[in-house]
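Here is how the chains run, residue by residue.
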Amino acid sequence: MNLTSLRATTIQHNFLLIIYPAQGQLNPALQFAKRLIAMGARVTLPITLHMHRRISNKTTITGLSLAPFSDGHDDGFNAIHGTDSDFNLYVSDFKHRVSHFITNLILSSAREGRPFTCLTYTLLVPWAPELARGFNLPSAMLWIEPATVLDILYYYFHGYGDYINDKTKEGSSRSIALPGLPFLLSPRDIPSFLLAWKSSVLSFVFPLFEEQIQQLDLEANPIILVNTFEALEAEALRAVDKFNMIPIGPLIPSAFLDGKDPSDTSFGGDLFPLSKDYVEWLDTKAELSVVYVSFGSYFELSRRQTEEIARALLDCGCPFLWVIREKEKEVEDLRHRKELEEKGKIVTWCSQVEVLSHGSVGCFVTHCGWNSTMESMVCGVPMVAFPQWSDQRTNAKLIEDVWKIGVRVDEEVNDDGIVRGKEIWRCLEVVMRSGERASELRVNAKKWKGVAKEAAKEGGPSEMNLKTFLDGVGERRLHALEQ
């Protein structure tokens, strides 16, 4: 078929979606894939054997192909439990293995008459766009953090690094102004791995983000699909002139967002197929009475911090649902274990969006991961922001000061890094007790819930943005073939 005939033919979109093997990346990536498929595209998602095995209810979505491969750690790799050199070795080996696997995928798909039309990639795989360029394949980044964080990263690596790290002005109250952002930041709002003077357990990701920004610099008009929506971050989406940031979020299961697909209730299948007796427990509680506590799938709280949270929950007096994962074995030895089980419910896993959408839940104590933040916003639940690292610090700033849908713990009160139970209790009191501040938080949470659902509905701005992107991919692919 010549190019004239090709231009007269509707391109069958065939996406290759590359992610770093972490649950926080898999979740939005699968929702993104589902959106593409609903618009007629096919999606291939390479996934490590470890992650593939953990999905108990394998997805059977027509148009989505999971492509398992070995990253050399089929029992899983946890960067937190290793050294920086362990992580660097893993990243290098992962790049080599997945690049070889993806190269074969691209070549075999082309031979079979189903060439990929676009390569999309998430965080911590900065080599992906270079791989795409090698095949003259259009690419786009899927940014699964807020646009504000990408702005901070861009400016950090474009002349603002010393300014952000300026220690001549001491204190967490120091103001940091960045172009295009309509609010001031402080050091505690900056992703932790960017602060040279602050010890960070995620310092090893710094060079990967630096390389990611460098790769974007190589493109004239890099396309970045952002898991956010226009009304939420209008200024941040335009803060960097070089970037073409396209809001396509929130990337949340349909059952909790637009209701078009009631069966779409979880991200790619339940990872831990345990009893859902927590739903029956929630059914017995009064409206807006329950405190939900979860720190995500990655971070592990220290024993001391867990004890402080336990004390705050007991002092608050509200019923609570607390997710403490199985690997955090010390939970069995909590000093107040019996009292905790009488006042609330402790589980090792739950369907988070299902919990947040339950009418009895009145507050979410969260680490402020972006997935959790989006889920809480879509469900209209106010938050106690308890950030631990990375973008969570920036997300907490947005939650409390910009969108005003939560209150943030003062995590810098103590030099030992442990937030005391009294401080956590203070935040719970603000959100859960009646009063002007609590009412304001609930009104704002309800408002943003409506705006988020409006953005993602059929014919809404996020869906239209994704359709426009797809049209552009077709043009870019044809242009690439003409070169």
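Above this note sits the structure.
All of the points below concern the structure found in this document. What you see is a predicted model, and the numbers here were worked out from it, not measured in a lab.

### Here we look at the overall build of the chain
Point 1. When helices and strands are counted, the chain shows 17 helices and 13 strands.
Point 2. The buried share of the chain, taken over its 483 residues, is 56%.
Point 3. A separation of at least 24 residues holds for 68% of the contacts in the chain among residues at least 6 apart in sequence.
Point 4. For the chain, the accessible area works out to roughly 20200 Å², and carbon and sulfur atoms hold 50% of it.

### Topic: unusual backbone geometry
Point 1. Across the junction of Gly-249 and Pro-250, the peptide omega takes the value 0°, indicating a cis bond.
Point 2. Its identity is not glycine, yet Ser-390 carries a phi of approximately 45°, on the positive side.
Point 3. With respect to the secondary-structure elements, Ser-390 resides in the loop between strand 12 (383–385) and helix 14 (392–402).

### Here we look at empty space enclosed by the protein
One simple way to see leftover space: roll a probe sized like a water molecule over the atoms.
Point 1. For the structure shown, the criterion picks out one cavity of 30 Å³ or more.
Point 2. Approximately 40 Å³ is the volume attributed to the largest cavity.
Point 3. The wall of the largest cavity is formed by Ile-19, Pro-21, Pro-46, Ile-47, Thr-48, Met-51, Phe-69 and Phe-94.
Point 4. Examining the composition of the lining of the largest cavity, we find that three residues originate from one element, strand 2 (residues 42–48), more than from any other.

### Quick notes on the pairing of strand 4 (residues 118–121)
Point 1. Burial along strand 4 is two-sided: the face carrying Cys-118 and Thr-120 and the face carrying Leu-119 and Tyr-121 are both buried.
Point 2. Here strand 1 (residues 14–18) pairs with strand 4 via four bridges, running parallel. Directly across from Ile-18, in strand 4, lies its bridge partner Tyr-121.
Point 3. Here three bridges tie strand 4 to strand 5 (residues 139–143), and the two strands are oriented parallel to one another. The partner of Tyr-121 across the bridge, within strand 5, is Met-141.

### As for the packing of aromatic side chains
Point 1. As enumerated under the stated definition, the model contains 22 aromatic pairs in all.
Point 2. Each ring, one from Phe-69 and one from Phe-94, has its centre 6.2 Å from the other, and the planes form 45°; the classification is tilted. Highlighted residues: Phe-69 in strand 3 (residues 64–69) and Phe-94 in helix 4 (residues 84–111), separated in sequence by 25 residues.
Point 3. A relative accessible area of 6% places Phe-69 in the buried class.
Point 4. Here a set of aromatic residues connected by ring pairs shows up, and it is made of Tyr-20, Phe-69, Phe-77, Tyr-90, Phe-94, Phe-101 and Trp-127.

### Describing the packing of helix 13 (residues 370–379) against helix 16 (residues 436–456)
Point 1. Helix 16 packs onto helix 13 with a crossing angle of 100° between their chain directions and a minimal axis gap of 6 Å. What the angle tells us is that helix 13 and helix 16 run roughly perpendicular. The residues of helix 16 that touch helix 13, namely those facing Met-377, Val-378 and Cys-379, are Ala-445, Trp-448, Lys-449, Ala-452 and Lys-453.

### Notes on helix 14
Point 1. Where burial is concerned, most of helix 14 is hidden: nine out of the 11 residues are buried.
Point 2. For helix 14, the full list of buried residues reads Gln-392, Arg-393, Thr-394, Asn-395, Ala-396, Lys-397, Leu-398, Ile-399 and Glu-400.
Point 3. The elements touched by buried residues of helix 14 are helix 6 (147–164), helix 13, strand 12, strand 13 (406–408) and helix 16.

Calculation rules
Residues numbered from 1 in each chain as written. Predicted model: local features only at pLDDT ≥ 70, side-chain atom pairs only at ≥ 80, totals over all residues. Heavy atoms only, no water. Helix = DSSP H or I, 4+ residues; strand = E, 2+ residues; numbered from the N terminus. Buried < 20%, exposed > 50% of the residue type's maximum accessible area, 1.4 Å probe, protein only. Contact = heavy atoms within 4.5 Å. Areas by Shrake-Rupley, 256 points an atom, 1.4 Å probe, with all protein chains shown as cover. 1 Å grid on protein atoms, 1.4 Å probe; cavity = no way out; pocket = protein on both sides within 12 Å on 5 of 7 lines; lining within 4 Å. Points joined across faces, edges and corners; volume = space filled by probe spheres on them. Pairing = 2+ DSSP bridges. Phe/Tyr/Trp six-rings, centres within 6.5 Å; stacked < 30°, edge-to-face > 60°. Axes fitted to C-alpha atoms, helices over the stretch in contact; angles between N-to-C directions. Parallel < 35°, antiparallel > 145°, perpendicular 65-115°, else oblique.

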